[in-house]
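# Residue-level structural notes
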Amino acid sequence: MILVTGVSGALGGLVLAGLRARPDLEVVAGTSSGDGRAAQHTGDTARHIDFDDPASLTAGFDGVDTLVFISAGFAEDDVVTTRHGAVVAAATSAGVRHVIYTSLSASAGHTTIAVPHLWTEKQLAAAPFEVTVLRNGFYSAVPVGLAAGAAESAAATGVFAAPFGTGRISGVAREDLAEVAVRVAAEVERDLRAGTPTVHAGRTYELEGVTSVSGAEIAEVLSESLGRPVEYRDVPLTELRDSLLGGGLEPYRIGHTVSLFSNLKAGFLHATHSDLPALLSGVPRPIHAEIADAVSGPGAAG
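Summarised in this report is the structure supplied together with it. Small disclaimer: the values here were computed from a predicted structure and weren't measured. (Residues numbered from 1 in each chain as written. Predicted model: local features only at pLDDT ≥ 70, side-chain atom pairs only at ≥ 80, totals over all residues. Heavy atoms only, no water.)

### A few points about helix H10 (residues 251–265)
Between the first and last C-alpha of H10 there are 21 Å, a value that for 15 residues agrees with the 21 Å anticipated at 1.5 Å per step. Taken together, the buried positions of H10 are occupied by Tyr 252, Ile 254, His 256, Val 258, Ser 259, Leu 260, Phe 261, Asn 263 and Leu 264. Against helix H4 (77–94), helix H6 (141–157), strand E8 (168–171) and helix H9 (237–245) lie the buried residues of H10. Two residues or fewer past H10, Gly 267 is found with a positive phi of approximately 85°. (Helix = DSSP H or I, 4+ residues; strand = E, 2+ residues; numbered from the N terminus. Expected span 1.5 Å × (residues − 1). Buried < 20%, exposed > 50% of the residue type's maximum accessible area, 1.4 Å probe, protein only. Contact = heavy atoms within 4.5 Å.)

What follows is the structure, encoded as structure tokens:
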């Protein structure tokens, strides 16, 4: 049996749908109480899984062979590590045989977002079950969303302003990450049933985006889509922080966002290696095409 956590999120929902499309697999959705978004994904096979309720984890993992552990998402680091520690402890207690964890890519290793992921990888390495780590790259939705959100302003002013410096960010589509997770989980479950070793045991896959984009290139895409010249203007980190402080965000989100763009400006978010192409059935979705689609779609410029 495979259980997928985090099915109310975009990535978890895609993974669940992909696994359920394979009729030979028994797949269970892990949902928290009152999770209305998850209801559309679960069908009749769902279990209550609440990272903040350790008792629900041990019961929910009972009989699970393969756990697809979608990370707990944004919160203060000590909250995330507490949640993840509870998952590792419950999986151990319940006798889960293989855990597939969605971590964060190596190119993002200097960001503050990486800390709880690195901590979790360390806990998993010491656990008694087999582990596969999927180090997911930054979603292409980050630069795509920036471009789409800036289209109206760029159309009016001829300027795309963003805190990229001269750096580049590699982006990967959620759909590609979900396809890899589905493949790995299905193959692990197949091997567990057959009683044979799986090639994925003990493996860490770097699922970086294979294409990257700069602020100047986003301005070029906007120029083509809007039919007018658009130039790129770098936004200083101080200006970014001031804008975030006025946006009502939780303090940890502000820190993570500034850290991300600081790393981008320093050139750390451009990946040089990826295991993604070898694990996909086709070619990775190109980030430039995603941006072009987003900014040329209906209402993109207002």
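### Notes on the nonpolar core
Soluble globular proteins: nonpolar side chains tend toward being buried together. Ranked by size, the top nonpolar core spans 31 residues in total, and within it Phe 138, Phe 160, Phe 164, Ile 169, Ile 218, Leu 222 and Ile 291 carry the most contacts. Looking at this core, the elements that each hand over two or more residues are H6, strand E7 (159–162), helix H8 (215–226), H9, H10 and helix H12 (287–296). In terms of nonpolar packing, the next biggest core, distinct from the first, is built from 30 residues, Val 4, Val 180, Tyr 205 and Leu 279 among them. (Core = buried A, V, L, I, M, F, W, Y, C linked by side-chain atoms within 4.5 Å.)

### Structural notes on the environment of Glu 76
Here Glu 76 lies in the loop between strand E4 (66–69) and H4. Sequence spacing of Glu 76 and Val 133 is 57 residues, and the spatial spacing of their C-alpha atoms is 22 Å.

### Quick word on the environment of Asp 234
Mapping Asp 234 onto the fold places it in strand E11 (residues 231–234). Ignoring anything within four residues of it in the chain, the contact list for Asp 234 reads Ala 162, Pro 163, Phe 164, Gly 165 and Lys 265. Within the local environment of Asp 234, its side chain forms a polar contact with the backbone nitrogen of Phe 164, the two atoms lying 3.5 Å apart. Looking at Asp 234, its side chain comes within polar contact range of the main-chain nitrogen of Gly 165, at 2.9 Å. (Polar contact = N/O pair within 3.5 Å; in protein donor to acceptor, adjacent residues only side chain to side chain.)

### Examining the side chain of Ser 107
Examined against the element boundaries, Ser 107 turns out to sit in the loop between strand E5 (98–104) and helix H5 (114–125). We classify Ser 107 as buried; its relative accessible area is 11%. In this view, Ser 107 contacts Glu 208, Phe 268, Leu 269 and Ala 271; residues no more than four positions away in its chain are not counted.

### Here's the deal with the sheet that holds E5
On the basis of which strands lie adjacent, the open sheet formed by seven strands has the order E3-E2-E1-E4-E5-E6-E9 and parallel pairing. Edge strands, defined here as strands with exactly one partner in the open sheet, are strand E3 (46–48) and strand E9 (204–207). For this sheet, the mean inter-axis angle between neighbouring strands, taken without regard to orientation, is 20°. Relative to strand E6 (residues 130–136), E5 runs parallel, the two sharing seven bridges. Each residue of the ladder has a partner; that of Tyr 101, found in E6, is Val 133. Seen against the sheet, H4 touches E4 and E5 and runs at an angle of roughly 175° to E4. (Pairing = 2+ DSSP bridges. Axes fitted to C-alpha atoms, helices over the stretch in contact; angles between N-to-C directions.)

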